[in-house]
Amino acid sequence: DDNVIIAGHRRWKSCKQLVAEGDKRFCEVNCEVKEFDNEWEELEYLVIDNNSRDKTMEQKAREAQLFIEVEKKKAEKRRLSNLKQNNISSTECAEPHIREKGRSSDVVAKKLKMKSGREVERAVKSIETIDKLTETGRKDDAELIRDTLNNTSASTAADLSSHIDDLTEDEKKAIRDKKMSAYKVVSKY
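Bear in mind the structure is a predicted one, so any value in this text is a computation, not a measurement.

About the thresholds
- Residues numbered from 1 in each chain as written.
- Predicted model: local features only at pLDDT ≥ 70, side-chain atom pairs only at ≥ 80, totals over all residues.
- Heavy atoms only, no water.
- Helix = DSSP H or I, 4+ residues; strand = E, 2+ residues; numbered from the N terminus.
- Buried < 20%, exposed > 50% of the residue type's maximum accessible area, 1.4 Å probe, protein only.
- Contact = heavy atoms within 4.5 Å.
- Areas by Shrake-Rupley, 256 points an atom, 1.4 Å probe, with all protein chains shown as cover.
- Axes fitted to C-alpha atoms, helices over the stretch in contact; angles between N-to-C directions.
- Parallel < 35°, antiparallel > 145°, perpendicular 65-115°, else oblique.
- Left-handed = near helix turned anticlockwise from the far one by under 90°.
- Nonpolar A, V, L, I, M, F, W, Y, C, P; charged D, E, K, R; others polar.
- Expected span 1.5 Å × (residues − 1).

Caption draft 1: Examining the overall build of the protein chain more closely. Counting secondary structure elements, the protein chain contains 10 helices and 0 strands. Taken from N to C terminus, the helices and strands of the protein chain fall in the order α-α-α-α-α-α-α-α-α-α. When each of the 189 residues of the protein chain is scored for burial, the buried share is 33%. Counted over contacts in the protein chain with a minimum sequence separation of 6, partners at least 24 positions apart contribute 56%. Put simply, the protein chain shows about 12,800 Å² of open surface, and 48% of that area lies on carbon and sulfur atoms.

Caption draft 2: Examining the packing of helix 6 (residues 117-135) against helix 7 (residues 139-151) more closely. Viewed as axis vectors pointing N to C, helix 6 and helix 7 meet at an angle of 160°, and their least axial separation amounts to 8 Å. One way to sum up the angle between helix 6 and helix 7 is to call them roughly antiparallel. As helix 6 packs across helix 7, the resulting crossing turns out to be left-handed. Facing helix 6, whose interface residues are A123, S126, I127, T129, I130, L133 and T134, helix 7 presents K139, D141, A142, I145, R146 and L149. Taken together, the residues that form the contact of helix 6 with helix 7 break down as 7 nonpolar, 3 polar and 3 charged.

Caption draft 3: Representation of helix 1 (residues 9-20). For helix 1, spanning 12 residues, the distance from its first C-alpha to its last is 16 Å, which sits close to the expected 16 Å at 1.5 Å a residue. Among the residues trailing helix 1, G22 stands out with phi positive, at a value near 105°.

Structure below.
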């Protein structure tokens, strides 16, 4: 409602290009104006709108990471609403964090068309490790996990993330050179 494009940047650029090339049919196009109550509802809309695009597992994991936060905020909003409705104190209604996380990751998996909440958790763990390794200058190790995440599986990437410090340089090189699978290397750990 403040004229910021939330979804449709590529369509907008395409229309501008067509108009610049002389096609006046695209001087005006239909759009949908959305109003959001808060930033996380806007974020949820954006991620769901982009669901049809082909994405790497890393891209899905980064969306999942954001979506988990959205789901937690929605759950907290529901919880607070129930407290007000039932006049219950917040300590009486608190749920264990682990249960909430599992439910959030399952919801996220369905929304992002991933196999399961467990796959979401493993993919997110992998990107968290990728980011930490990148921040500390270990770009080769980060790239090894990224490649495994995008080309093998979230499970193998998460295991590699857990054991990246245990691997020898020869083992890492063997994985990079495709002489050994990451799964085979990390399975001995």
